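Topology and contacts: notes
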Amino acid sequence: MKTAACWNSRMMKALRREPVDVPPVWMMRQAGRYMAEYREVREQTTFLELCKNPDRCAEVMLTAVEKLDVDAAIIFSDLLLILEAMGMELEFSQGEGPVFHNPVSDASQVDNLRELDDPSVLGYVYETVRKTRAGLHSERPLIGFAGAPFTLASYAIEGGASRNYLRTKKLMYTDPVAWDTVMGRLARGVSAYLIEQIRAGADILQLFDSWVGCLGVYDYERFVLPYSRQIINAVKRFSPDTPVIHFATGNPALLRSIRNAGGDCIGIDWRIELDVAWDAVGHDRSIQGNLDPAILLTDPLTIREQVARLRKQVAHRPGFVFNLGHGIHKETPVENARELVKWVRELV
């Protein structure tokens, strides 16, 4: 049950498209390698061990929230943990990123990805939600999250990150039964995972489809939209008052289709102007975005100019959440992230 203070926060009001004094602001990857405090924690453990330590996860996020004074926190976790819980052998290799040692390379390997029959195997994530929520001021919402089925499927099929998603697309085009098996298992698993995050205290959810921009509109609507819609519908049936942010990157032509898949708020990356994006999404939804994270590598004057430009594009229309178009780069000076928050609130 959300507190009255949280329900009436800038963030929650903006997601309901209600007027606020200034737009709420938070940043994706706001707890990460650009912060000295995070690097100190990481020196003592591996990334995967950190993700499975709720005390540490809560610590690094609460430190970031306090330092930046953002309007929302997001749990410190990783998109790929659910794949490990579903049978995938996950390793974060030094300098190489995530690697799955038993990928779903073809239809014969589909059962490497199992049903998430027992969501409690991800109990450390739900404990991270509880501990982070307990450490936040009552008026500051907590965002839980998960990867969307296409992005998770891409990792599982490719065995890690990819530039061209050739194995993923090959399976998608040539074996609809195998594709439906993979995407259906992921949709059911992510639905259960997000519902457990709500039970643990998440006030808002974000569904990340970080790799879906490699698809065109037809393929998205045919092969992806039904599964993302299934997740959002399941979450909204369980908790109608929990806002869902649906975020995808890479292809602005997908925005209308992403909106049709569902979400109270549609996340926008920097590849399209905000006002154009909002027209495409429709003004019956809130939007979140969309400063290029590279702007935070510049200087205070440039940051101010870019914030002013984006604020002007959305004018005073209710329903706008200020964010980056993707996560903070590790090279970002912390002072520049603080400058961003300051100018979002001070510019009118």
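On a predicted model such as this, the values are computed, not experimentally measured, just so you know.

Regarding its fold elements, the protein presents 16 helices and nine strands. Its C-alpha radius of gyration of 19 Å places the protein within 12% of the 20 Å reference for a compact globule of 348 residues. Overall, the protein is about 55 × 45 × 40 Å in size when its C-alpha atoms are taken along their principal axes. Per-residue burial over the protein gives 57% buried out of 348 residues. If you take every contact in the protein between residues at least 6 apart in sequence, the share linking residues at least 24 apart comes to 72%. Distance between charge centres in the protein, computed from 41 positive and 45 negative side chains, equals 4 Å.

Bringing unusual backbone geometry into the picture now. A negative phi angle is the norm for most residues apart from glycine, just as the trans form is the norm for most peptide bonds. Cis geometry is found at the peptide bond from Gly 289 to Asn 290, where omega equals -20°. Positionally, Asn 290 belongs in strand 8 (residues 286-291). One non-glycine residue with positive phi stands out, namely Asp 69, at about 60°. With respect to the element layout, Asp 69 can be found in the loop between helix 5 (54-68) and strand 1 (73-74). Of note in this structure, Tyr 165 is not a glycine but carries a positive phi near 55°.

So, on to the packing of helix 5 against helix 7 (residues 123-135). Where helix 5 contacts helix 7, the axes come no closer than 8 Å and their chain directions differ by 40°. As the angle between them shows, helix 5 and helix 7 are arranged oblique. Like other packed secondary-structure pairs, helix 5 and helix 7 cross with a definite hand, here right-handed. Across from Pro 54, Asp 55, Cys 57, Ala 58, Met 61 and Leu 62 in helix 5, the residues of helix 7 making contact are Tyr 124, Glu 127, Thr 128, Lys 131, Thr 132 and Gly 135.

Before going further, it helps to spend a moment on the pattern of salt bridges. All chains considered together, the criterion is met by 22 salt bridges. One salt bridge in this structure joins Arg 10 and Asp 21, with 2.9 Å as the shortest N-O distance. Linking Arg 10 in helix 2 (residues 10-15) with Asp 21 in the loop between helix 2 and helix 3 (36-42), this pair joins segments that are 11 residues apart in sequence. Assessed through its relative accessible area of 26%, Arg 10 is described here as partly exposed. A salt bridge links Lys 52 to Glu 84, with the shortest nitrogen-to-oxygen separation between them at 2.8 Å. A residue pair is termed long-range when its members are at least 10 positions apart, and Lys 52 in the loop between helix 4 (47-51) and helix 5 and Glu 84 in helix 6 (residues 81-85) qualify at 32 residues. Exposure remark for Glu 84: the relative accessible area of 23% places this residue in the partly exposed category.

Taking strand neighbours across the sheet as the criterion, the seven strands line up as 1-4-5-6-7-8-9 in an open arrangement whose pairing is parallel. Edge positions in the sheet fall to strand 1 and strand 9 (320-324), since each of these pairs with one other strand and no more. In this sheet, strand 5 (residues 204-209) lies alongside strand 4 (residues 142-147) in parallel orientation, the contact comprising five bridges. Within the sheet, the bridge partner assigned to Ile 143 lies in strand 5 and is Ile 204. Across the sheet, helix 14 (residues 274-281) is in contact with strand 7 (265-267), strand 8 and strand 9; its angle to strand 8 comes to roughly 150°.

It is a general feature of regular strands that their side chains alternate between the two faces of the sheet. In terms of burial, strand 8 is a largely internal element, six of the six residues being buried. The sheet contact formed by strand 7 and strand 8 spans three bridges and is parallel. Opposite Ile 266, over in strand 8, you have Ile 287 as the bridge partner. Pairing of strand 8 with strand 9 involves five bridges; the strand directions are parallel.

So, about the pairing of strand 9. Within strand 9, five of the five residues are buried, which leaves it mostly tucked inside the rest of the structure. By the alternation rule, side chains of strand 9 split into Phe 320, Phe 322 and Leu 324 and Val 321 and Asn 323, which are all buried. Each parallel crossover has a hand, and for strand 8 linked through helix 15 (residues 300-314) to strand 9 it is right-handed.

In terms of nonpolar packing, the biggest core is built from 124 residues, with Met 27, Leu 83, Trp 179 and Leu 340 touching the most fellow members. The element best represented in this core is helix 10 (residues 176-200), accounting for 11 residues.

Below, the discussion takes up the side chain of Ser 9. By secondary structure assignment, the location of Ser 9 is in the loop between helix 1 (4-7) and helix 2. Overall, the relative accessible area of 8% leaves Ser 9 in the buried class. One polar contact links the side chain of Ser 9 to the main-chain carbonyl oxygen of Cys 6, over a distance of 2.7 Å. The contacts of Ser 9, once residues within four sequence positions are left out, are Glu 139 and Pro 141.

Thresholds applied
- Residues numbered from 1 in each chain as written.
- Predicted model: local features only at pLDDT ≥ 70, side-chain atom pairs only at ≥ 80, totals over all residues.
- Heavy atoms only, no water.
- Helix = DSSP H or I, 4+ residues; strand = E, 2+ residues; numbered from the N terminus.
- Rg over C-alpha atoms; globule rule 2.2 N^0.38 Å.
- Buried < 20%, exposed > 50% of the residue type's maximum accessible area, 1.4 Å probe, protein only.
- Contact = heavy atoms within 4.5 Å.
- Lys, Arg positive; Asp, Glu negative; His and termini not counted.
- Charge placed at Lys NZ, Arg CZ, Asp CG, Glu CD.
- Axes fitted to C-alpha atoms, helices over the stretch in contact; angles between N-to-C directions.
- Parallel < 35°, antiparallel > 145°, perpendicular 65-115°, else oblique.
- Left-handed = near helix turned anticlockwise from the far one by under 90°.
- Salt bridge = Lys/Arg side-chain N within 4 Å of Asp/Glu carboxyl O.
- Pairing = 2+ DSSP bridges.
- Right-handed = clockwise from strand over helix to strand, strands pointing away.
- Core = buried A, V, L, I, M, F, W, Y, C linked by side-chain atoms within 4.5 Å.
- Polar contact = N/O pair within 3.5 Å; in protein donor to acceptor, adjacent residues only side chain to side chain.

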